[in-house]
Amino acid sequence: MSKNVLIIGAGGFIGGYIADESLRRGFTTGAGVRESTSRKFLSDPRLKFLIFDYENPEQMSETLKESLPAGEKWDYVIHNLGATKCTNFNDFNRINYEYLRNTIEALRKSDMIPERFVLISSLSALGPGDEENFSPITEKQIPLPNTRYGVSKIKAETFLESCGDIPWTILRPTGVYGPHEEDYLMMIKSIDSHWDFGVGFKKQLLTFIYAADLAKAVFDTLKTEKTLRQKYIISEPKAYTQKEFRQIVSEKLGRKFVIPLRLPLWIVGIASWIAEKYGVAKMKATTLNSDKFKIMKQRNWNCSVEKAQNDFDFKTDYPLERGIEETVKHYREEKQKSKKK
């Protein structure tokens with residue numbers, strides 16, 4: 001029999017990929033969204049939409065009860081709801097932690113505890129890695145997040161760990177990219193304009209995960225009991241320098257001449273502060289802010305996926321070169337569409 005999969009926070013960039021993978025695997029798929037959530041990446045008519053008020057566990061509970069025929073439940077719940085940038089930093093706690101807590105309360109009230117609850121967390125929940133020897137970050141590292149975003153993620157993880165009645169699995173992806181993602185698209189656009197802006201002069205190792213590979217990992221964890229109440233770092237098993245990233249992007253764009261420009265950390269820090277204040281004044285979250293600056297400042301994003309490989313045979317289909325090729329292809333298509341308009 002087909003399993004019922006509910007994706008909480010399905011409307012975002014990653015949520016669209018998770019929904020597509022769920023449908024591809026033949027699951028009955030529910031997309032949990034707000035009334036105001038864009039459904040741009042959720043166009044498949046097979047999707048069943050559940051409209052949630054994440055501030056209200058009672059409303060969420062009633063919606064869950066009404067979402068399926070009597071006697072059925074959501075076998076798997078994927079909690080992908082989260083904020084990566086906020087105008088008010090208190091929103092990180094509200095969206096990344098409190099909404100998770102409300103979701104668990106709603107599942108309990110509706111008597112719909114799933115067979116597995118997968119939380120999409122972040123590598124930022126662990127904080128900076130070893131910046132002297134650049135040893136890979138592993139699941140054994142003691143979490144010491146240095147950003148408000150990272151703190152909210154580890155707070156959510158800790159709460160979920162305390163829920164003895166919830167059969168959870170936690171995934172900590174590194175930088176997620178692919179078609180529809182905005183932050184890495186800015187870097188691609190910059191290189192397309194012949195400029196590559198780097199931050200700081202000290203060595204930096206970067207890691208990436210293509211969105212489709214993350215979505216595949218979500219469902220692969222459900223195949224085995226080994227992943228029950230376990231945490232996993234999710235990344236392509238290779239780290240890149242900024243130069244290597246630039247070379248791959250410029251090659252896929254066909255840009256032979258790209259000027260690498262390294263910006264001192266203090267300049268980026270000032271720019272981040274100004275951008276943040278501007279965003280507050282305009283009541284609009286900005287890509288560049290003090291939290292993002294700490295992330296850019298971090299030198300070692302190298303991480304190990306050995307645990308995921310051992311426990312559920314984690315593999316990536318999209319090494320950076322292939323993933324960037326797909327992302328650039330989509331970027332060009334969108335660029336052509338905008339020109340025609």
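That block above? That's the structure.
The numbering scheme is per chain: residues are counted from 1 as the chain's sequence reads. Residues qualify for local features only when their pLDDT is at least 70, as the model is predicted, and side-chain atom pairs are given and counted only at 80 or more; totals for whole chains, interfaces and linings, by contrast, use all residues. Here the side-chain values reflect all heavy atoms present in the structure, with hydrogen atoms and water set aside.

Novice: Could you give an account of the sheet that holds strand β6 (residues 168-173), naming the residues involved and the relevant values?
Specialist: Any two strands are treated as partners once DSSP identifies two or more bridges connecting them. Strands here mean DSSP runs of E at least two residues long; helices mean DSSP runs of H or I at least four residues long; both are numbered from the N terminus. Ordered in space as β3-β2-β1-β4-β5-β6-β10, the seven strands form an open sheet in which the pairing is parallel. At either end of the open sheet lies a strand with only one pairing partner, and these are β3 (48-51) and β10 (231-234). The mean angle between the axes of side-by-side strands here comes to 20°, regardless of whether they run parallel or antiparallel. Across four bridges, the pairing between strand β4 (residues 76-79) and strand β5 (residues 116-120) is parallel. Residue pairing across strands places V77 opposite F117, the latter belonging to β5. Here, residues are in contact when the closest pair of their heavy atoms is within 4.5 Å. Note on geometry: axes are lines fitted to C-alpha atoms, helical ones only across the stretch in contact, with angles between N-to-C directions running from 0 to 180 degrees. Running over the sheet, helix α3 (residues 90-109) touches β1 (4-8), β4 and β5 and is turned about 170° from β5.

Novice: Tell me about the packing of aromatic side chains, and name the residues and values.
Specialist: The pairing test for Phe, Tyr and Trp rings, Trp by its six-membered ring, is centres within 6.5 Å, and the orientation test on the planes gives stacked under 30 degrees, edge-to-face over 60, and tilted for anything in between. One pass over the structure, following the stated rule, counts 18 aromatic pairs. Through a chain of ring-to-ring contacts, three or more aromatic side chains come together here, namely F13, Y17, Y177, Y184, F208, Y210, Y240, F245 and Y318. One Lys or Arg, K203, reaches over the ring of F134 and ends 4.6 Å from the middle of that ring. One cation-aromatic arrangement involves K307 over Y232; the distance from NZ or CZ to the ring centre is 5.0 Å. For a Lys NZ or an Arg CZ to count as sitting over a ring, it must be within 6 Å of the ring centre and within 35 degrees of the ring normal.

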